Amino acid sequence: MDRITSAIPEAGPADTAALREIDPDELARYVLDPRNPWWRRRRCAEALFRRVPEARVPELLERIRDPRESTDVRLALLAVLGHREELLPWLLHDDQRNNTSFRWRGAILKARGEAGDLTAAAELSTLAFDQWHRNKAKGRAGLDALVERHGVAAVDRLLGDRPEDRAFRVLMRHRAGEDITPALADPDVGVAYEAYSLTWDDEALRAFARDAPTVEGALWAALGLYDVTDDLDEIRAIDEALGRPRVEVQGLDAEIRAAIVHRYVPECEVRTDPRWRMEALITEPPPPTDVEGQLRRASDALARAGQSPEPPVHCGEDYGQGTGTYHVIRCAGGTVLVSMLGRFVTGSDEATQVRAPLEAAGFRWIDDDLGAITVDGLCVYWFGTRDPINVRALLFYWQD
């Protein structure tokens with residue numbers, strides 16, 4: 001007991017190595033004793049991975065099934081014992097199959113795959129294609145377990161032609177050493193990205209970039225080729241030969257476009273159009289913004305206009321958490337947001353008393369119409385979503 005409490009202190013991280021040195025039966029007994037703190041029991045359950053004492057399995061499985069048990073302990077035990085076929089009747093019960101809880105759904109599906117349940121194949125395929133990395137990992141693990149137990153063909157027969165099913169086949173062909181470059185032209189950007197992320201053969205990529213049936217396929221091949229060769233001149237030549245394809249966004253001018261492209265594309269989400277990725281790669285970024293100088297200019301302009309500005313505050317500090325790309329200046333005429341991505345400012349469209357002096361000082365006011373333009377095809381993480389968002393959200397971005 002003392003070794004366990006020492007390895008899992010009330011404050012600070014658990015000593016995983018020390019837990020792995022403790023006898024598994026001692027850990028299992030600690031997990032099974034409800035008088036022990038749930039957070040220590042969870043860590044002990046995790047430390048049982050691949051070394052659960054066989055004699056303790058029935059009791060530990062019962063804890064997974066018991067809704068009165070701590071959810072964290074149940075999930076930790078499910079991750080360790082989900083492969084046990086004795087658990088399948090419980091996993092296949094309607095209560096579990098219909099459990100859509102964020103924490104439970106993926107864990108249950110993964111366990112069904114590890115227990116050999118082929119009926120979970122289609123749902124696991126969908127989970128493995130999820131944009132949430134935690135869900136994707138669970139889906140992949142469940143599918144891998146099914147493939148290991150039943151073979152690729154048996155799993156594949158249960159899938160259709162959905163994008164997630166095609167992504168599964170791309171991965172399986174890659175593991176088998178087959179050519180997956182044709183998937184770079186898949187009509188679904190997620191499937192194409194899967195092929196792009198797995199293809200590192202420069203000759204195959206070069207050939208596909210030349211002969212691809214679609215512009216998007218050629219762009220994915222070029223992007224993959226650059227990852228391998230780091231030869232920007234070759235990639236520029238491919239882009240030129242394709243006619244420099246770009247995502248057209250009505251109302252998005254060059255200044256705002258450049259600021260957004262070079263800030264967000266390098267860390268964009270999977271489903272971003274490859275034309276944005278190419279544009280970020282081969283165009284020059286705008287000059288770095290002198291943030292401190294810009295804030296001084298904005299404050300001075302507001303002060304000269306009699307707006308009594310307060311000191312600028314970063315958006316993370318203003319919200320009390322998180323980070324983002326703008327500062328807040330409160331003044332007599334309202335609240336002004338000053339972007340860190342360029343000379344962009346915004347506030348209420350009715351706040352003409354602050355807009356005019358800022359524009360006179362060289363800033364660009366982002367009004368409601370301009371701010372509402374959605375930047376199609378550029379997927380950015382935004383409060384749980386990974387879809388295109390608008391100009392205002394991008395130039396004045398905050399995330400907790």
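Residues numbered from 1 in each chain as written. Predicted model: local features only at pLDDT ≥ 70, side-chain atom pairs only at ≥ 80, totals over all residues. Heavy atoms only, no water.

- Looking up the protein chain in an unreviewed UniProt entry gives the name HEAT repeat domain-containing protein, with the organism given as Nonomuraea composti.

**Thoughts on the packing of helix H9 (residues 102-114) against helix H10 (residues 121-128)**
Stage number 1. Contact pair H9 / H10: the axes reach a minimum separation of 10 Å and the direction vectors enclose 130°. Judged on the interaxial angle alone, H10 and H9 are oblique. Taken as a pair, H9 and H10 cross one another with a handedness that is left-handed. Every residue of H10 that contacts H9 at Arg105, Gly106, Leu109, Lys110, Arg112 and Gly113 is listed here: Glu123, Leu124 and Leu127. (Axes fitted to C-alpha atoms, helices over the stretch in contact; angles between N-to-C directions. Helix = DSSP H or I, 4+ residues; strand = E, 2+ residues; numbered from the N terminus. Parallel < 35°, antiparallel > 145°, perpendicular 65-115°, else oblique. Left-handed = near helix turned anticlockwise from the far one by under 90°. Contact = heavy atoms within 4.5 Å.)

**Observations concerning the side chain of arginine 169**
Stage number 1. With respect to the helices and strands, arginine 169 occurs in helix H13 (residues 163-175).
Stage number 2. A distance of 2.4 Å separates a polar atom in the side chain of arginine 169 from a polar atom in the side chain of aspartate 156.
Stage number 3. When near neighbours in sequence (up to four residues on either side) are disregarded, arginine 169 contacts Asp156, Leu159, Gly160 and Asp161. (Polar contact = N/O pair within 3.5 Å; in protein donor to acceptor, adjacent residues only side chain to side chain.)

**Quick word on the environment of glutamate 359**
Stage number 1. If you trace the backbone, glutamate 359 turns up in helix H22 (residues 352-360).
Stage number 2. Separated by 14 residues in sequence, glutamate 359 and valine 345 place their C-alpha atoms 9.0 Å apart.

**Focus: the side chain of glutamate 194**
Stage number 1. With respect to the helices and strands, glutamate 194 occurs in helix H14 (residues 189-198).
Stage number 2. For glutamate 194, a relative accessible area of 7% puts it in the buried group.
Stage number 3. The contacts of glutamate 194, once residues within four sequence positions are left out, are Lys136, Arg140, Ala167, Val170 and Leu171. (Buried < 20%, exposed > 50% of the residue type's maximum accessible area, 1.4 Å probe, protein only.)

**Section: the pattern of salt bridges**
Oppositely charged side chains can form a pair if their charged atoms are brought close together.
Stage number 1. Evaluated as defined, the whole model comprises 42 salt bridges.
Stage number 2. The partner of glutamate 54 in a salt bridge is arginine 84, with the nearest N and O atoms 2.7 Å apart. Linking glutamate 54 in the loop between helix H4 (38-46) and helix H5 (57-65) with arginine 84 in the loop between helix H6 (71-81) and helix H7 (88-91), this pair joins segments that are 30 residues apart in sequence.
Stage number 3. Note on arginine 84: relative accessible area 17%, which makes it buried.
Stage number 4. One salt bridge connects glutamate 279 with arginine 246, and the closest N-O pair in it is separated by 4.0 Å. Of this pair, glutamate 279 sits in helix H19 (residues 274-282) while arginine 246 sits in the loop between helix H17 (232-241) and helix H18 (254-264); the two residues are 33 residues apart in sequence, bridging distant segments of the chain. Each member of the pair, glutamate 279 together with arginine 246, is buried.
Stage number 5. A network of salt bridges, in which partner residues are shared, links Asp25, Arg29, Arg56 and Glu59. (Salt bridge = Lys/Arg side-chain N within 4 Å of Asp/Glu carboxyl O.)

**Side note on the nonpolar core**
Stage number 1. Val155, Phe168, Val170, Leu184, Trp220, Ile235 and Met278 are the most contacted members of the largest nonpolar core, which has 42 residues in total.
Stage number 2. Elements supplying a minimum of two residues to this core: H10, helix H11 (133-150), H13, H14, helix H15 (202-211), helix H16 (215-229), H17 and H19.
Stage number 3. The biggest single contributor to this core is H16, with seven residues.
Stage number 4. Look past the residues within four positions of valine 170 in its chain and what remains in contact with it is Ile180, Ala183, Val191, Glu194, Ala195 and Leu198.
Stage number 5. One finds Ile4, Leu27, Cys44 and Leu48 within the second-largest nonpolar core, a separate group that totals 36 residues. (Core = buried A, V, L, I, M, F, W, Y, C linked by side-chain atoms within 4.5 Å.)

**Observations regarding the packing of aromatic side chains**
A ring pair, where both rings are aromatic, is described by two values, the distance of the centres and the angle of the planes.
Stage number 1. Throughout the structure, instances matching the rule amount to 12 aromatic pairs.
Stage number 2. Measuring from ring centre to ring centre gives 6.4 Å for tryptophan 90 and tryptophan 104, while their planes differ by 70°; the resulting arrangement is edge-to-face. A residue pair is termed long-range when its members are at least 10 positions apart, and tryptophan 90 in helix H7 and tryptophan 104 in helix H9 qualify at 14 residues. Like tryptophan 90, the residue tryptophan 104 is buried in the burial classification.
Stage number 3. Note on tyrosine 196 and tryptophan 220: the rings are 5.1 Å apart at their centroids and 45° apart in plane angle, and the pair reads as tilted. On the criterion of sequence distance, the pair formed by tyrosine 196 in helix H14 and tryptophan 220 in helix H16 is long-range, its members being 24 residues apart. Summarising the burial analysis for this pair, tyrosine 196 and tryptophan 220 share the class buried.
Stage number 4. Within the aromatic cluster, the residues linked to one another by ring pairs are Tyr264, Tyr319, Trp382, Phe383, Tyr397 and Trp398.
Stage number 5. Its guanidinium or amino end placed over the ring of tyrosine 264, arginine 263 lies 4.9 Å from that ring's centre, counting from NZ or CZ. (Phe/Tyr/Trp six-rings, centres within 6.5 Å; stacked < 30°, edge-to-face > 60°. Lys NZ or Arg CZ within 6 Å of the ring centre and 35° of its normal.)

**What to know about the sheet that holds strand S3 (residues 326-331)**
Stage number 1. Strand order in the open sheet formed by five strands is S1-S3-S4-S5-S6, and the pairing between neighbours is mixed. Of all strands in the sheet, those with a lone pairing partner are strand S1 (313-314) and strand S6 (364-365), marking the two edges.
Stage number 2. The pairing of strand S5 (residues 344-346) with S6 spans two bridges and is parallel. Pairing of valine 345 across the sheet is with tryptophan 365, part of S6.
Stage number 3. Contacting S3 and strand S4 (334-339), helix H20 (residues 291-304) crosses the sheet at an angle of about 15° to S3. (Pairing = 2+ DSSP bridges.)

**Topic: H18**
Stage number 1. Taken residue by residue, H18 has Ile256, Arg257, Ala259, Ile260, Val261, His262 and Tyr264 as its buried positions.
Stage number 2. At the N-terminal boundary of H18, the capping side chain belongs to aspartate 253, with an oxygen 3.0 Å from the backbone nitrogen of glutamate 255.

**Describing a negative patch on the surface**
Stage number 1. Negative charge collects at one region of the surface, where Asp227, Asp230, Asp231 and Asp233 lie side by side.
Stage number 2. Looking at the element boundaries, aspartate 230 is found in the loop between H16 and H17. (Patch = residues over 30% accessible without salt bridge, like charges linked within 9 Å, V, L, I, M, F, W, Y side chains within 5 Å. Areas by Shrake-Rupley, 256 points an atom, 1.4 Å probe, with all protein chains shown as cover. Lys, Arg positive; Asp, Glu negative; His and termini not counted. Charge placed at Lys NZ, Arg CZ, Asp CG, Glu CD.)

**What to know about the environment of alanine 360**
Stage number 1. Looking at the secondary structure, you find alanine 360 in helix H22.
Stage number 2. Under the relative-accessibility criterion, alanine 360 is labelled exposed at 72%.
Stage number 3. Taking C-alpha positions, alanine 360 is 8.2 Å from alanine 301, a pair spaced 59 residues apart along the chain.

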